[in-house]
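Each chain is listed here by its residues.
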Amino acid sequence: MNPIIANIPNSITCLNILSGMISIICTLHGSDPFWGLKGYEWGYIFIGIAAVADFLDGFAARILHAYSDMGKELDSLCDLVSFGVAPAIAVYSCMSAAGLEWARWLALLIPVAGALRLARFNVDTRQTVNFIGLPIPANAIFWIGYTYIVYTSSTLLESTWVFAAIVLLESWLMISPLRLFSLKFKTWGWKGNQFRWLLILTAIVLVGCMGVAGLMWLIAVYVAYGVFDSGINRQ
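Below, the structure is looked at part by part.

Conventions used here
- Residues numbered from 1 in each chain as written.
- Predicted model: local features only at pLDDT ≥ 70, side-chain atom pairs only at ≥ 80, totals over all residues.
- Heavy atoms only, no water.
- Helix = DSSP H or I, 4+ residues; strand = E, 2+ residues; numbered from the N terminus.
- Rg over C-alpha atoms; globule rule 2.2 N^0.38 Å.
- Areas by Shrake-Rupley, 256 points an atom, 1.4 Å probe, with all protein chains shown as cover.
- Patch = residues over 30% accessible without salt bridge, like charges linked within 9 Å, V, L, I, M, F, W, Y side chains within 5 Å.
- Salt bridge = Lys/Arg side-chain N within 4 Å of Asp/Glu carboxyl O.
- Core = buried A, V, L, I, M, F, W, Y, C linked by side-chain atoms within 4.5 Å.
- Buried < 20%, exposed > 50% of the residue type's maximum accessible area, 1.4 Å probe, protein only.
- Contact = heavy atoms within 4.5 Å.

**Describing the overall build of the protein**
Next, step 1: A tally of regular secondary structure across the protein gives 9 helices and 4 strands.
Next, step 2: Secondary structure elements of the protein occur, N-terminal to C-terminal, as α-α-β-β-α-α-α-β-α-α-β-α-α.
Next, step 3: For a compact globule of 235 residues, the expected C-alpha radius of gyration is about 18 Å, and the protein comes in at 18 Å, within 12% of that figure.
Next, step 4: In terms of overall dimensions, the protein has C-alpha extents of about 50 × 50 × 30 Å along its principal axes.
Next, step 5: Surface exposure of the protein reaches about 12300 Å², of which carbon and sulfur atoms provide 72%.

Shown next as structure tokens:
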């Protein structure tokens, strides 16, 4: 295969980590406004760009038949930065602004759990269709919604003990034995895909009604759907 074509997926993957790093830089500006948005909002946008790149590199690899062991490892390394480190910095910065002096350090658990999640994913042959543990991109989506709520409104989410409990739970979910469905469709019918379609409809409703804040609840619903789906499949 032409080496240029073979490296197209890896080049897209590199855009993933580049976007993740830019997200971190933007997040460090907190609520400082620039280019019409606040720093943390730009941070969210670049995590979103990283997610698009994360989808496109796999899509390109399938279209071009350019699979490689290096590409798989590179993808995980980039995901750790964009969906593990970047949201952890966003959480730390947000909790610092909320005055959570000691609890903010719990944000360090997010990339640690994410690294363990990705390492297990790379060697676990059971996760070719569905997931065991919360996928690290879903972790990033959750924290985008969570920090947005804290930045824009006064709620229990910025309570020290509530935050501590949630960050511990969210980190555990990434390394838990919980089985969760992926959004990979083998067929487009309702049977066997009911929870996938329900999740898509739920995403439209939550984000349409709540905006960015709805992303936090979306991941909570995803976990709940996953529990029900696993229960049905075991019967």
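**Description of a nonpolar patch on the surface**
Next, step 1: Taken together, the side chains of Val52, Phe55, Leu56, Phe59 and Ile63 define a hydrophobic patch exposed on the protein surface, amounting to about 490 Å² of accessible area.
Next, step 2: Tracing the backbone shows Val52 in helix H3 (residues 39-64).

**Re the nonpolar core**
Next, step 1: Judged by nonpolar contacts, the single largest core of 51 residues is most densely connected at Met95, Leu134, Trp143, Tyr146, Phe163 and Tyr222.
Next, step 2: Elements supplying a minimum of two residues to this core: H3, helix H4 (69-97), helix H5 (109-123), helix H6 (136-152), helix H7 (160-175), helix H8 (194-210) and helix H9 (214-234).
Next, step 3: If you tally residues by element for this core, the top one is H6, at 10 residues.
Next, step 4: If we ignore the near neighbours within four places in the chain, the residues touching Leu134 are Arg117, Asn139, Glu170, Leu173, Met174, Leu180, Ile219, Tyr222 and Val223.

**Re the pattern of salt bridges**
Next, step 1: All told, the structure shown has 1 salt bridge when counted by the stated rule.
Next, step 2: Where Glu101 meets Arg104, a salt bridge forms, and the shortest distance between an N and an O atom there is 3.6 Å.
Next, step 3: Using a relative accessible area of 18% as the deciding quantity, one classes Arg104 as buried.

None of this, on its own, says anything about what the molecule does.
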